[in-house]
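# Structural description and commentary
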Amino acid sequence: MRSLAQRSAQAAQEIKALIGESIDRVQTGAEHVQRAGGAMNDIVEQVQKAAAIIREISGAAAEQSAGLGQINRSVADLDEATQRNAALVEESAAAAGSLQEQARRLEETMRGFRLATHGA
């Protein structure tokens, strides 16, 4: 009976040691879980910051796109004005040529008038 009591005591001690070891492992596991939870919170925070930056970049890109659209319209307006000015220059050159021809004819007419006036 004594031997049974000793084996029971020894088994109880082994069980106690196993329970102690299990408690240590559970505590270590809990610490790992806490650290992992902290790391996950850090990751979530960083992802939120990255998402905020991406939203800012998207907003800036939209503003730039609108600005480029305005510049594009302005360039088109300038091109149209340049084409109108070129047409006006051509018309002015043609009118100047016509006026030059009319001035030459008028000068010839005036020469004839002077000759007729001086000869009389």
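Residues numbered from 1 in each chain as written. Predicted model: local features only at pLDDT ≥ 70, side-chain atom pairs only at ≥ 80, totals over all residues. Heavy atoms only, no water.

## Points about the overall build of the chain
Short version of the rule: Secondary structure counts use DSSP, requiring at least four H or I residues in a row for a helix and at least two E residues in a row for a strand, with both numbered from the N terminus. The size measure is the radius of gyration over C-alpha atoms, and the globule rule it meets is 2.2 Å times the number of residues to the 0.38 power. A simple rule labels every residue: compare its accessible area, found with a 1.4 Å probe on the protein chains alone, to the largest value its type can have, and call it buried under 20%, exposed over 50%, or partly exposed in between. Under the convention used here, a 1.4 Å probe and the Shrake-Rupley method define accessible areas, while residue burial counts only the protein chains that appear. Lys and Arg are tallied as positive, Asp and Glu as negative. Neither His nor the chain termini are counted. Working definition for charges: the position is that of NZ of Lys, CZ of Arg, CG of Asp or CD of Glu.
Across its full length, the chain holds 1 helix and 0 strands. Taking 14 Å as the expected radius of gyration for a compact globule of 120 residues, we find that the chain reaches 51 Å, considerably beyond that expectation. When its C-alpha atoms are laid out on the principal axes, the chain stretches across 175 × 15 × 15 Å. Out of the 120 residues in the chain, the part that is buried amounts to 0%. With an accessible surface of roughly 10,700 Å², the chain has 60% of that area assigned to carbon and sulfur atoms. A distance of 8 Å separates the average location of the 13 positive side-chain charges in the chain from that of its 16 negative side-chain charges.

## Structural notes on a nonpolar patch on the surface
To be explicit about the condition: In this scheme, patches are assembled from residues that exceed 30% relative accessible area and form no salt bridge. Like charges are connected within 9 Å, while nonpolar side chains (Val, Leu, Ile, Met, Phe, Trp, Tyr) are connected within 5 Å. Throughout this description, the term salt bridge denotes a Lys or Arg side-chain nitrogen within 4 Å of a carboxyl oxygen of Asp or Glu.
Together, I15, I19 and I23 line one region of the surface with nonpolar side chains, adding up to about 280 Å² of accessible area. Among the structural elements, I15 can be located in helix α1 (residues 2-119).

## As for the pattern of salt bridges
Two side chains that carry opposite charge are able to pair once their charged atoms sit near each other. Counted according to the given criterion, the structure contains 7 salt bridges. E101 is the salt-bridge partner of R105, the closest N and O atoms lying 3.3 Å from each other. Here E101 and R105 lie together in helix α1, a separation of 4 residues that amounts to about one turn. You can call E101 partly exposed: its relative accessible area is 28%. Within the structure, one salt-bridge network assembled from shared partners comprises E101, R104, R105 and E108.

## Quick notes on the environment of G59
Turning to its location among the elements, G59 is positioned in helix α1. Measuring from C-alpha to C-alpha, the distance between G59 and A81 comes to 33 Å, with 22 residues separating the pair along the chain.

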